Amino acid sequence: METNLKQMDILSKYNSEVFMKPIWSGDTVYHEAVMFADTADGYVQKAKKLLYPIDEIICVKNNNLDKDYVQDVDFKVENGKLVWLENGSCPIWRGYFTVPIDANDSYVDPKLSTGTSATAASWYRLEENGDKGLNLIYDSYHEDCTVYVTYKYSKCWSDLNEEGYTPIAPKNKSSKIKYFYEKLATGQEVNVLVHGDSTATGCTSTGANVTYELFGKVADNQGNYTVTNKGDGYGIKAPTFFEQAVNHIVKKFGNNNEINYYNISLGGSGARWGIENLSPRINFLNKHYGKTIIPDIIFIKYFANDVRTTPESFKQSFEGMVETFKKLYPEALIVIVSGKVNNEKCYIFRNARENILKLQQVLCDIENKYDNCVVAEATPVWESIIKSKDVEDYLSNNINHANDFWAKTMAQIITATIEKA
């Protein structure tokens with residue numbers, strides 16, 4: 001890729017090559033998300049540390065990638081950090097990060113600039129018995145106040161004796177993979193099945209739900225679920241993490257294979273729900289499409305809603321899902337994806353940090369028991385990322401949903417895990 005990216009127009013829209021450049025290698029980071037803040041409840045984030053100390057800014061763009069901000073007019077670089085300038089035009093979040101649990105609920109009104117959800121605040125409290133909680137930010141409010149930064153670097157923060165992100169590539173586990181790459185070489189169509197929580201539905205990638213349908217929570221007496229038809233996406237329409245990963249692998253190792261995406265995930269669900277509802281959702285999947293779907297690769301991603309689940313219970317549920325998939329689709333590659341770090345201003349997530357590492361270890365223990373089953377170990381990557389970045393940069397709802405930067409980083413982690421060595 002040429003150095004003068006500004007002249008190539010590839011940073012002004014979704015570009016798969018750009019999005020799949022790993023954050024742990026090279027000398028350039030592409031489209032790293034940053035949200036400046038000077039909030040109504042007293043949080044100030046005007047000087048932002050990025051993954052690496054900035055040497056040179058290539059561009060700073062809005063969330064639609066169609067507007068450029070000007071260095072030393074809208075922002076400046078100081079001590080390797082990106083700094084918001086008072087009289088510039090870079091957006092900044094001036095609403096709330098936290099709200100009282102008895103606040104008026106205005107979240108559902110997209111015309112309001114500081115949407116508030118007291119319902120969310122009462123659940124995601126700062127302290128277990130406290131009177132304030134996280135504000136559930138309307139996703140578009142967050143992204144309207146987010147900029148995407150492409151920059152060059154030559155050092156890590158540790159070189160400057162500061163804490164920060166450590167660039168370490170995820171473990172490659174392609175030696176465990178059977179059948180999948182042989183299938184790609186034939187040029188036959190590739191079926192992808194996704195099962196998980198809200199992030200597995202695609203929340204909140206700009207291209208979520210464009211290539212697949214989603215099913216409701218409860219089936220009727222005939223075993224039918226409501227179906228959300230394919231959507232249009234918005235903004236740059238960047239694909240979900242699983243689409244970016246599969247598209248990259250198929251393009252690199254395939255033979256013009258057509259890719260079909262099927263998604264039986266549900267927002268707000270956990271691993272126990274995942275195993276209890278797996279069989280009926282598969283039955284409806286086949287009924288809805290009028291054929292038996294045989295996936296070639298299966299993504300399982302339950303994590304965010306399980307942070308307080310005991311490792312023993314988590315293992316029982318997850319292993320049940322893996323065994324069910326193995327019986328139904330013995331040649332399918334199973335990719336289990338561990339989770340990010342959610343907003344630890346909330347006591348639930350703050351107190352769960354040790355447990356989420358135990359949950360990832362549970363997933364790795366399951367991986368070791370089954371052939372053609374791998375874990376994309378994302379949790380340690382995000383633990384390292386938050387040593388540099390504020391979680392508000394990637395948590396598009398301020399709690400547990402995430403933006404295009406999160407999705408492309410997860411896609412990079414998955415690709416590094418399964419890419420044929």
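Residues numbered from 1 in each chain as written. Predicted model: local features only at pLDDT ≥ 70, side-chain atom pairs only at ≥ 80, totals over all residues. Heavy atoms only, no water.

So, the overall build of the chain
Put simply, the rule is: Secondary structure is summarised from DSSP: a helix means a run of H or I of at least four residues, a strand means a run of E of at least two, and numbering begins at the N terminus for each. Two things to know: the radius of gyration comes from C-alpha atoms, and the globule rule equals 2.2 Å times the number of residues to the power 0.38. Burial classification: accessible surface area is computed with a 1.4 Å probe over protein chains only, and a residue below 20% of its type maximum counts as buried, one above 50% as exposed, and the rest as partly exposed. Pairs of residues are marked as contacts when any of their non-hydrogen atoms sit within 4.5 Å. Working definition of accessibility: Shrake-Rupley area with a 1.4 Å probe, residue cover restricted to the visible protein chains.
On a plain count of helices and strands, the chain comes out with 13 helices and 17 strands. A globule of 421 residues ought to have a C-alpha radius of gyration of about 22 Å, and the chain, at 21 Å, matches this closely. With the C-alpha coordinates aligned to their principal axes, the bounding extent of the chain is approximately 60 × 55 × 40 Å. Residue burial in the chain is summarised as follows: out of 421 residues, 59% are buried. Excluding contacts between residues fewer than 6 apart, the proportion of contacts in the chain whose partners are at least 24 apart in sequence is 76%. When the accessible surface of the chain is split by element, carbon and sulfur atoms take 46% of a total near 17300 Å².

A look at the environment of G187
Of note, G187 is situated in the loop between α4 (180–186) and β11 (190–196). The exposure class of G187 is partly exposed, given its relative accessible area of 27%. In the structure, G187 is positioned 69 residues away from N256 in sequence and 5.9 Å away in space, judged by C-alpha atoms. Beyond its immediate chain neighbours, meaning those up to four positions away, G187 contacts N255 and N257.

Focus: the state of the cysteines
When the sulfur atoms of two cysteines share a covalent bond, that bond is a disulfide. The condition that has to hold: In this description, a disulfide is simply a cysteine sulfur pair whose atoms lie within 2.5 Å.
Summed over the entire model, instances satisfying the criterion amount to zero disulfides. Note on C203: no disulfide assigned, nearest cysteine sulfur contributed by C346 at a separation of 19 Å. You can call C203 partly exposed: its relative accessible area is 24%.

A short note on the pairing of strand β1 (residues 28–34)
Keep this limit in mind: Being paired, for any two strands, means DSSP has found at least two bridges between them.
Counting buried positions along β1 yields seven of seven residues, so the element is predominantly enclosed. Pairing of β1 with strand β10 (residues 147–152), which is carried by five bridges, proceeds in the antiparallel orientation. The partner of V29 across the bridge, within β10, is Y151.

Focus: the pattern of salt bridges
Worth spelling out the cut-off: Within this document, salt bridges are pairs made up of a side-chain nitrogen of Lys or Arg and a carboxyl oxygen of Asp or Glu, the two lying within 4 Å of each other.
Using the criterion set out here, one finds 23 salt bridges in the structure. Across the pair R94 and D38 runs a salt bridge whose closest N-O atoms are separated by 3.5 Å. Of this pair, R94 sits in the loop between β7 (81–84) and β8 (98–100) while D38 sits in strand β2 (residues 37–38), and the two are 56 residues apart along the sequence. For R94, a relative accessible area of 41% translates into the label partly exposed. Judged by relative accessible area, which is 22%, D38 ranks as partly exposed. Taking the shortest distance from any N to any O, the salt bridge between E78 and K76 comes out at 3.1 Å. On the accessibility criterion, E78 (39% relative accessible area) is partly exposed. On the accessibility criterion, K76 (26% relative accessible area) is partly exposed. A network of salt bridges, in which partner residues are shared, links E32, K48, K389, D390 and D393.

What to know about empty space enclosed by the protein
Condition: Buried and open spaces are told apart on a 1 Å grid over the protein atoms alone, a cavity being a set of points where a 1.4 Å probe fits but cannot get out and a pocket being an open set with protein on both sides within 12 Å along at least five of seven lines. Residues with an atom within 4 Å of a point are the lining residues. Grid points are joined across faces, edges and corners, and a volume is the space filled by probe spheres set on the points. Lys, Arg, Asp and Glu make up the charged group, whereas Ala, Val, Leu, Ile, Met, Phe, Trp, Tyr, Cys and Pro make up the nonpolar group; the residues left over, Gly among them, are polar.
Enumeration over the complete set of coordinates arrives at two cavities of 30 Å³ or more. The computed volume of the largest cavity comes to approximately 60 Å³. Forming the boundary of the largest cavity are F303, A304, V307, K340, V341, N342, E344, F349, A352, R353 and I356. The residue makeup of the lining of the largest cavity, split by class, is seven nonpolar, one polar and three charged. There is about 40 Å³ of room inside the second largest cavity. What lines the second largest cavity is F19, H31, N63, L65, Y148, I236, D404, F405 and K408.

So, helix α13 (residues 404–418)
Let me state the cut-off plainly: Here the expected length of a helix is defined as 1.5 Å per residue gap, with one fewer gap than residues. Pairs of N or O atoms within 3.5 Å make up the polar contacts considered here, provided that, within protein, one atom can donate a hydrogen while the other can accept it, and that residues adjacent in sequence are counted only when both atoms are side-chain atoms.
The first and last C-alpha atoms of α13 sit 21 Å apart over 15 residues, in line with the 21 Å expected at 1.5 Å per residue. Counted residue by residue, α13 has 15 buried out of 15 residues, so it is predominantly covered. With a side-chain oxygen lying 3.2 Å from the backbone nitrogen of F405, the N-terminal cap of α13 falls on N403.

Re the sheet that holds strand β5 (residues 56–61)
Using the following cut-off: For helices, the axis comes from a line fit to the C-alpha atoms of the stretch in contact; other axes are also lines fit to C-alpha atoms, and the angle between any two N-to-C directions lies between 0 and 180 degrees.
Taken together, three strands build an open sheet; the order of strands is β1-β10-β5 and the sheet is antiparallel. This sheet does not close on itself; its edge strands, each paired only once, are β1 and β5. Between one strand axis and the next, the sheet turns by 20 degrees as a mean value, whatever way the strands run. Here α13 sits on the sheet in contact with β1 and β10, set at roughly 140 degrees to β1.

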